[in-house]
Amino acid sequence: LYLLQQCQENTMELTPENILGYINENNEVSNSRDLCTKMNWDHEKLFGICMSLVSKEMIVDKMHSDQIRSLTAEGRKVLENGSPEFLVYQGVGTEGTSKADLEKSLGKGVVNIGFSYCMKNKWIRFDKGTGLVTRSADNVHDTVSEELQNLENLDNSKLNLYKKRKMVEMVKQTHFSLTKGPKFALEVKTYEATLTADMIASGSWKELDFKPLNLSKGVKGLPPNGGHLHTLLKCRTMMKEIFLEMGFQEMPTNNYVESSFWNFDALFQPQQHPARDAHDTFFLSDPATAKDLPADYLKRVKEMHENGGSGSIGWRYNWSEDEARKNLLRTHTTAVSARMLYQLAQEKEFTPKKYFSIDKVFRNETLDPTHLAEFNQIEGLVADYNLTLGNLMGVIREFFSKLGLTNIKFKPAYNPYTEPSMEIFSYHEGHGKWLEIGNSGVFRPEMLTPMNLPEGVRVIAWGLSLERPTMIKYKYSNIRDLVGHKVDIDGVQKNTICRRGLGN
Amino acid sequence: FFFLIMPVVSVKRDLLHEALGEVYDQAAFEDLCFDFGIELDDVTSEKEEIEKELGEGSEKLKDASDEVIYKIDIPANRYDLLCLEGIAKAMRVFLQKDPKPPVFKVLPKKISMTVEKSVESIRPHVVCAILRNVTFTQASYRSFIDLQDKFHQNIGRNRTLVSIGTHDLDNIEPPFFYRALPPSEIKFVPLRGSDNEVDGNQLMVELEKDLQLKRYLHIIKDSPVYPVIYDNRGKVLSLPPIINGKYSKMSKDTKNILIEVTATDLTKAHIVLNNMCAMFSGYCSEPYTIEAMDVITESGEIVHENLPRMEYRSTTASLKYIRSLLDLKLPSNEVVDLLNKMMLPSSVSADGESLEVLVPPTRSDILHECDIAEDVAIAYGYNNLNIVTPNTVTSGGQHPVNMLSDLLRSEMAFAGYTEILSFALCARNENYDFLRRKEDNLCVTISNPKTFEFQIGRTTLLVGLLKTLACNKQLPLPIKLYEIADVILKDSESDVGAVNQRRLAMLFSDVQASFEKLQGVLDLIMLKLGVSDERYYLDGNSCNDEALFPGMRANVMVDEKNIGCIGILHPEVITNFNIGHAVTVCELNIERFV
């Protein structure tokens, strides 16, 4: 009777109903693989059916994994052909043979291994004088191949031996167990995939059962087809908004080509200053020189460089107009600030101004993970009567607090066109240290006086790069992952919205 | 406003502590530096440096010292802080361990330097001075050599503007002569490069092998005459700005020193001479005394009298200005105290309105009273000042071109396109040959690019879009990209001869080309810009853009003006940029919509 029952079970077909029936009878499936062995079912197929029942909440599954013994490729070869020692024993035959002949028929690998085991087992003998190999035992069994057939029953010492001989390995195998789910039934109902317009129109939705949603953790919806803004430019928008909130007006910075005059001379940067070196600046061969420079202003700039004035002793060297006419790609947007201040000074009546810009500047740098030949500079400036150094710190503090950086301090620094000058440091919790985040200063009187700005008007300004805070915010260590054609577009599409603050 | 290159000075920590008369732990020293406006950049040792450079197995490590070295960033205008002596003195005064900076005593001149007319064409200026009864230690002699190096690199701009020669006065015979001669007539045994007498031409050949000196050779090499300093015996002391002669060679045991500074910039020559004398006259038997020299012409007229100019320069600074700039209500005498700490001895003027400030000969950074005000602020402490947001009332606003760009950037993203950000500079062949376009004399050309990547300003946004696509081929198709940015175009109307132009460029890439899909986006953008169908059409006949496939390209016409083009990219262009699938592109000048 038992045999008959087993026979019946073995012929049971793999269907959802049969699985449900089995669970109904036994209350559970404790091990899916055992069940498959018992029923002669395919485990993959069983898994597929069960997952669909799980999604309908008819049953509940639980995954398990085991380490099981498994034959390696080498092990399977032994099962098929016999162990190397047995092959060698057979190869020697009753007459005996030479090692070279054995290698010819069995291959060097098999002979190397098999020979030494045969010697160990005392199955064969080797005459060093004649080179002849002969049998030294009769009725030899291939125990290796027999034992590999019965892996499960091997004791540990044998198991280790076969592991060492790379015939057996431990592999991970998963199985699952099943119990009844909240919607357990013996019949599988058909479920509607989703609600349709027809169902709504006919009212059939009232009778229908709907497939439950798969809300498992990590299961994603379908991605939308929308586009994305670039990471750095999202930060640019954030910075721009901060300036606008603070009442700053954007400067027209859409002129990458600039004369040395506006880029350096107007800023009272002497012509022999290292920053003007061709090592650091892209000069142009075409168009090589600027033709129009404001003549009167140029004269006053020259005088200030050469002999000083308004209380300054000047730089005391021979200023060259040719040098000032040399065209370049602007090295800072402060060149535009100089143009704007000059224009402001030409107006009949001075009105206080707050200006900002965020745009590209160029440096003739060798590229490395933190430097590019072009990057974006953020600049803010305030022009008004009797501004103080404390005002500069105040406006910087407000700017950075809107950015989410509240812990900042100022270090004396040197900048050729500002005095006093300050570096701005912010305490970064993540890095656990003070990071330099910008530079600032009060524009030198030697820069403002030749423009004819009224006496007593002071201009305070600060600058920083857009890339550096963006890299800190989005945790980039290589600037080339953020800017330029090598940027991973997928990364752009996955970056978060740009909130205030250097965190994310 | 950033990436300022600052000189870095290496000093031995223990020697610095000794000079300061106090041992600081590192954190306290860092704070002191921060307040003073210098920065402890790195802490290392000779051993560590060698390990970093040559690896752990280096032979040189055996003799290397592991004394702690502080590397300190110095503001680029403070030539008085480029050696341990200068840093220690400034800090001692700042910490009020010393009451004031040294006053220098210039002893009467005995020796002159004749500057001959011949040098005018090559290196016109020389200034000089003598230090007597100097006692160096190994460390102070090293500092003496290092400071000359610093000056050469820095203010001397790799010796082009200024270079220094220092000589053992006891081995040479005054007076001295600075003249220029054809290289073949200059014969001497140089300090390096040859053990035998060579002439100027041979020396240039020998020094080509000298890794350190060969980079200075260009300064005089092709000149018909070389500048040279001789003594009264007719022996060569130096061949500025390249090398000294062996004849006048110094050592740590040298007692009496001739310092000569040759230059193309006289102001800088004085700065260097003053600082050399100020820093090392401290080691004279009577500290801070210097023996004067005159520079005279061949006919005996005085060019520079009683060098070096070690007198303090007297200047005034308005108290009202300082108080207003710093928003400080300090009494005058406290402002004076602050300036004293910064090595600017001062006193209040009779009317109480201003300060009489004595600027030491080492403080060439003081040009204007704003420099004096800054030192008041540093001594007071920047972070102790009254921090107040300015009450300047203004109305904010955006630049119209940028405002339009931002609005269109959003529309493009809404349309399913991803924004890219590419470089404004590119290689010439990318901008023309790769796109099958002919040179049009519209691009600006860089004269000194460091890499091929940056030869010209782009005249089209397509280069950046296509390069970005080539680097992102693994993305699932279709790939839809756009960029709104500036190209640079030569323009004779502009003051500098070139202008930016704001463009919108977009790209659609898939297994098969689709003109209509990108046309749809163009239609949408026109719709959003309020350009009615009557004002806008595509003209296939007038479009000859070789970057685009013939018959599948058109000019974009708005109000009968050509504002750009749209089309399927020519297969050769796709191959040139190493892309592989079909690409449709569109590029528009959007400035007319501002």
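Quantities reported herein were computed from a predicted structural model and do not represent experimental measurements.

## Side note on the overall build of chain A
Looking only at helices and strands, one finds 20 helices and 16 strands in chain A. Relative to its length of 504 residues, chain A is extended, with a C-alpha radius of gyration of 42 Å against a globular reference of 23 Å. Nonlocal contacts in chain A, meaning residues at least 24 apart in sequence, comprise 71% of its contacts between residues at least 6 apart. Accessible surface computed for chain A: about 24500 Å², of which carbon and sulfur atoms make up 50%.

## Description of the overall build of chain B
The helix and strand tally for chain B stands at 15 helices and 28 strands. On C-alpha atoms alone, chain B measures out to a radius of gyration of 33 Å, which is more than a quarter above the 25 Å that the 2.2 N^0.38 rule sets for 594 residues. Taken along its principal axes, the extent of the C-alpha atoms in chain B is 90 × 65 × 55 Å. Considering only residue pairs separated by 6 or more positions, chain B has 69% of its internal contacts joining residues 24 or more positions apart. A total of about 24800 Å² of accessible surface is found on chain B, and carbon and sulfur atoms cover 49% of it. Computed over 62 positive and 87 negative side-chain charges, the separation of the two mean positions in chain B equals 3 Å.

## Some remarks on the pattern of salt bridges
In total, this model carries 67 salt bridges over all chains according to the counting rule given. In this structure, glutamate 323 of chain A engages lysine 326 of chain A in a salt bridge whose closest nitrogen and oxygen atoms are separated by 3.1 Å. In this structure, aspartate 359 of chain A engages arginine 330 of chain A in a salt bridge whose closest nitrogen and oxygen atoms are separated by 3.6 Å. You can see aspartate 359 of chain A sitting in strand 11 (residues 353-362) and its partner arginine 330 of chain A sitting in the loop between strand 10 (327-329) and helix 16 (334-346), a full 29 residues away along the chain. One salt-bridge network, held together by shared partners, links Arg236, Lys240 and Glu250 of chain A together with Asp406, Arg409 and Glu419 of chain B.

## Description of the packing of helix 6 (residues 84-92) of chain A against helix 8 (residues 108-120) of chain A
All names here are of chain A. Two numbers describe how helix 6 lies on helix 8: the axes approach to 7 Å, and their chain directions differ by 85°. Taken together, the axis directions place helix 6 and helix 8 in an arrangement best described as roughly perpendicular. Taking contact as the criterion, the partners of Pro84, Glu85, Leu87, Val88 and Tyr89 in helix 6 are, on helix 8, Val110, Val111, Ile113, Gly114, Phe115, Tyr117 and Cys118. Of the residues in the contact of helix 6 with helix 8, the class split is ten nonpolar, one polar and one charged.

## Topic: the pairing of strand 27 (residues 561-569) of chain B
Residue and element names in this part refer to chain B. With seven of nine residues buried, strand 27 lies mostly within the body of the structure. Of the strand pairs in this sheet, strand 26 (residues 548-558) and strand 27 are connected by seven bridges, and their pairing is antiparallel. Across the sheet, asparagine 555 pairs through a bridge with cysteine 565, a residue of strand 27. The antiparallel pairing of strand 26 with strand 27 creates a hairpin that spans two residues between the two strands, and aspartate 559 there sits at a positive phi of about 50°. Sheet topology note: the strand 27/strand 28 (residues 582-589) ladder contains five bridges and is antiparallel. When the bridges of strand 28 are listed, glycine 567 appears paired with valine 585.

## Things to note about the sheet that holds strand 4 (residues 124-126) of chain A
All names here are of chain A. Pairing within the open sheet is antiparallel, and its three strands lie in the order 3-5-4. Edge positions in the sheet fall to strand 3 (97-98) and strand 4, since each has one partner strand and no second. Pairing of strand 3 with strand 5 (residues 132-135) involves two bridges; the strand directions are antiparallel. Among the inter-strand pairings, threonine 97 is bridged to a residue of strand 5, identified as valine 133. Each of strand 4 and strand 5 touches helix 8; the most contacted strand, strand 4, lies at about 105° to it.

## Thoughts on the interface of chain B and chain A
Residue-level contacts link 99 residues of chain B with 132 residues of chain A. At the surface where chain B touches chain A, the tally comes to six salt bridges. Of the charged contacts, one joins glutamate 39 of chain B and lysine 411 of chain A as a salt bridge, the two residues approaching to 3.7 Å between their closest N and O atoms. Remark: the boundary between chain B and chain A carries 47 residue pairs in polar contact (both at pLDDT 80 or more). Its residues assigned to classes, the side of chain B that touches chain A shows 45 nonpolar, 31 polar and 23 charged. Judged from the two bridges that link them, strand 9 (residues 284-286) of chain A and strand 21 (residues 445-446) of chain B form a sheet pairing that is antiparallel. If you follow leucine 284 of chain A over to strand 21 of chain B, its bridge partner there is isoleucine 446 of chain B.

## Quick notes on the pairing of strand 7 (residues 176-181) of chain B
Residue and element names in this part refer to chain B. Of all six residues making up strand 7, five are buried, and the element is well covered by its neighbours. Pairing geometry for strand 4 (residues 105-115) and strand 7, over three bridges, is parallel. Residue pairing across strands places methionine 113 opposite phenylalanine 176, the latter belonging to strand 7.

## Details of helix 13 (residues 462-471) of chain B
Of all ten residues in helix 13 of chain B, eight are buried, a share of seventy percent or more. Taken residue by residue, helix 13 of chain B has Leu462, Val463, Gly464, Leu465, Leu466, Lys467, Thr468 and Leu469 of chain B as its buried positions.

## Remarks on the environment of glycine 226 of chain A
Examined against the element boundaries, glycine 226 of chain A turns out to sit in the loop between helix 11 (197-202) and helix 12 (231-245). Using a relative accessible area of 38% as the deciding quantity, one classes glycine 226 of chain A as partly exposed. Considered as a pair, glycine 226 of chain A and isoleucine 242 of chain A are 16 residues apart in the sequence and their alpha carbons are 27 Å apart. Setting aside residues up to four positions removed in sequence, glycine 226 of chain A forms contacts with Ala413 and Gly416 of chain B.

## Notes on a nonpolar patch on the surface
Residue and element names in this part refer to chain A. On the surface, a nonpolar cluster with roughly 320 Å² of combined accessible area is contributed by Leu195, Ile200 and Trp205. Structurally, isoleucine 200 is set in helix 11. Classification of isoleucine 200 as exposed rests on a relative accessible area of 52%.

## Considering the side chain of threonine 262 of chain B
Residues and elements named next belong to chain B. Structurally, threonine 262 is set in strand 13 (residues 257-263). On the basis of relative accessibility, which here comes to 0%, the residue threonine 262 falls in the buried class. Polar contacts involving the side chain of threonine 262 include one to the side chain of arginine 123, which spans 3.1 Å. Beyond its immediate stretch of four places on either side in the chain, threonine 262 contacts Arg123, His125, Val126, Leu161, Val162, Ser163, Tyr178, Ile229 and Pro240.

## Some words on helix 11 (residues 400-414) of chain B
An ideal rise of 1.5 Å per residue puts 21 Å on 15 residues; helix 11 of chain B measures up with 21 Å between its terminal C-alpha atoms. Here helix 11 of chain B has its buried residues at Val401, Asn402, Leu404, Ser405, Asp406, Leu408, Arg409, Glu411, Met412 and Ala413 of chain B. In this fold, the buried residues of helix 11 of chain B make contact with helix 12 and strand 7 (249-250) of chain A together with strand 19 (418-419), strand 23 (479-490), strand 24 (498-510) and helix 14 (515-528) of chain B. Within two residues after helix 11 of chain B, glycine 416 of chain B carries a phi angle of roughly 95°, on the positive side.

## Looking at a negative patch on the surface
All names here are of chain B. A cluster of acidic residues, Asp25, Glu30, Asp31 and Asp35, forms a negative patch on the protein surface. Here aspartate 25 is to be found in the loop between helix 1 (13-20) and helix 2 (26-36). The class of aspartate 25 is exposed, set by a relative accessible area of 52%.

The rules we used
Residues numbered from 1 in each chain as written. Chains lettered and ligands numbered in written order. Predicted model: local features only at pLDDT ≥ 70, side-chain atom pairs only at ≥ 80, totals over all residues. Heavy atoms only, no water. Helix = DSSP H or I, 4+ residues; strand = E, 2+ residues; numbered from the N terminus. Rg over C-alpha atoms; globule rule 2.2 N^0.38 Å. Contact = heavy atoms within 4.5 Å. Areas by Shrake-Rupley, 256 points an atom, 1.4 Å probe, with all protein chains shown as cover. Lys, Arg positive; Asp, Glu negative; His and termini not counted. Charge placed at Lys NZ, Arg CZ, Asp CG, Glu CD. Salt bridge = Lys/Arg side-chain N within 4 Å of Asp/Glu carboxyl O. Axes fitted to C-alpha atoms, helices over the stretch in contact; angles between N-to-C directions. Parallel < 35°, antiparallel > 145°, perpendicular 65-115°, else oblique. Nonpolar A, V, L, I, M, F, W, Y, C, P; charged D, E, K, R; others polar. Buried < 20%, exposed > 50% of the residue type's maximum accessible area, 1.4 Å probe, protein only. Pairing = 2+ DSSP bridges. Polar contact = N/O pair within 3.5 Å; in protein donor to acceptor, adjacent residues only side chain to side chain. Patch = residues over 30% accessible without salt bridge, like charges linked within 9 Å, V, L, I, M, F, W, Y side chains within 5 Å. Expected span 1.5 Å × (residues − 1).

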